[in-house]
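# A closer look at the structure
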Amino acid sequence: MLLELKHIYKNYLQDKIVIPVLKDVNISIDEGEYVAIMGPSGSGKTTLMNIIGCLDRPTKGEFLLEGESIVNYNENRLSDLRLNTLGFVFQSFNLLPKQTALDNVALPLSYAGVPVKKRKEIAFQALKRVGLAERVHFRPSQLSGGQQQRVAIARALVNNPKIILADEPVAALDPVTAKQVMSDFKKINQEMNITILINIHHVELALAYADRIIGIRAGKIVYDGPSENVTQ
Ligand code: ADP
Ligand code: MG
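Predicted, not measured: the structure shown is a model, and the values here were computed from it.

## Considering the site of ligand 1
- In the neighbourhood of ligand 1, the contacting residues comprise Tyr 12, Gln 14, Val 21, Pro 40, Ser 41, Gly 42, Ser 43, Gly 44, Lys 45, Thr 46 and Thr 47.
- One of the backbone nitrogen or oxygen atoms of Ser 43 is found 3.2 Å away from an oxygen atom of ligand 1.
- Between ligand 1 and the protein, one listed contact pairs an oxygen atom with a side-chain N or O atom of Lys 45 at 2.8 Å.
- When contributions to the shell around ligand 1 are tallied by element, the ones reaching two or more residues are strand E1 (3-14) and helix H1 (45-52).

## Overview of the pairing of E1
- Bridging between E1 and strand E2 (residues 17-29) involves nine bridges; their strand directions are antiparallel. Each residue of the ladder has a partner; that of Leu 13, found in E2, is Val 18.
- Count of turn residues in the E1/E2 antiparallel hairpin: two residues, of which Asp 15 carries a positive phi of about 50°.
- In terms of strand pairing, E1 meets strand E4 (residues 60-65) through five bridges, oriented antiparallel. Residue pairing in the sheet places Leu 5 in a bridge with Phe 63 of E4.

## Here we look at empty space enclosed by the protein
- This model, assessed by the stated rule, comprises one cavity of 30 Å³ or more.
- Put simply, the largest cavity is a space of about 60 Å³.
- For the largest cavity, the full set of lining residues is Ile 51, Cys 54, Asp 56, Arg 57, Pro 58, Phe 63, Ile 70, Val 71 and Leu 78.
- Grouping the constituent residues of the lining of the largest cavity by class yields seven nonpolar, no polar and two charged.

The rules behind these values
Residues numbered from 1 in each chain as written. Chains lettered and ligands numbered in written order. Predicted model: local features only at pLDDT ≥ 70, side-chain atom pairs only at ≥ 80, totals over all residues. Heavy atoms only, no water. Near = heavy atom within 4 Å. Polar contact = N/O pair within 3.5 Å; in protein donor to acceptor, adjacent residues only side chain to side chain. Helix = DSSP H or I, 4+ residues; strand = E, 2+ residues; numbered from the N terminus. Pairing = 2+ DSSP bridges. 1 Å grid on protein atoms, 1.4 Å probe; cavity = no way out; pocket = protein on both sides within 12 Å on 5 of 7 lines; lining within 4 Å. Points joined across faces, edges and corners; volume = space filled by probe spheres on them. Nonpolar A, V, L, I, M, F, W, Y, C, P; charged D, E, K, R; others polar.

Okay, here's the thing in structure tokens:
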């Protein structure tokens, strides 16, 4: 199993009041799955993804990545995991505005200590994979929203992650572009065998592209199964 969450709870403390956000979440995800996490706003999707992405820690529960418990990892080890095992894609792209597509995509490789020439080569290949070989020298403002999100996907790919975590990656895109981005994830999933985990609230898109749906309501998993079994 690639990742396992067992009895995960997450509470936030606000003005000394405990706010339970995740309540006994149990999820196992295998290598190569394409999973959509669906649920209304405020149901805990981002909180859950931040825990899986090692950006936040659970209040209680067990989290295994490739069979190894990581809840007691220190910041350094978590940061290694984020760099080498996980790739992140966000709703707002988070690209550096003054850098070209190529430089944005190459950036994580500089943290990993890859030499400049090699960085550009890998970044170019990643951009090519998402159909942007002709746009490598464009800056974000010179690209459409869909193209910017593809640059962000290419950036998430360069360190050869096992898992890509995408929090509402199509929420800011028009329907046609959103479809293309969902299909890019599918391609990456199938061709590179990278596990895809996305938060999304667009039902038709989730059902059309993801293989498995996890439904969350008020911090609890209310559905977990193949997308073809979901009746709308
Ligand atoms: P979703 O992504 O499904 O919209 P979130 O995970 O962002 O939901 O939030 C779930 C709940 O947790 C919300 O009620 C939100 O207000 C609360 N929450 C999220 N982050 C914090 C925080 N840092 N402190 C306090 N409450 C938070
Ligand atoms: Mg969210």
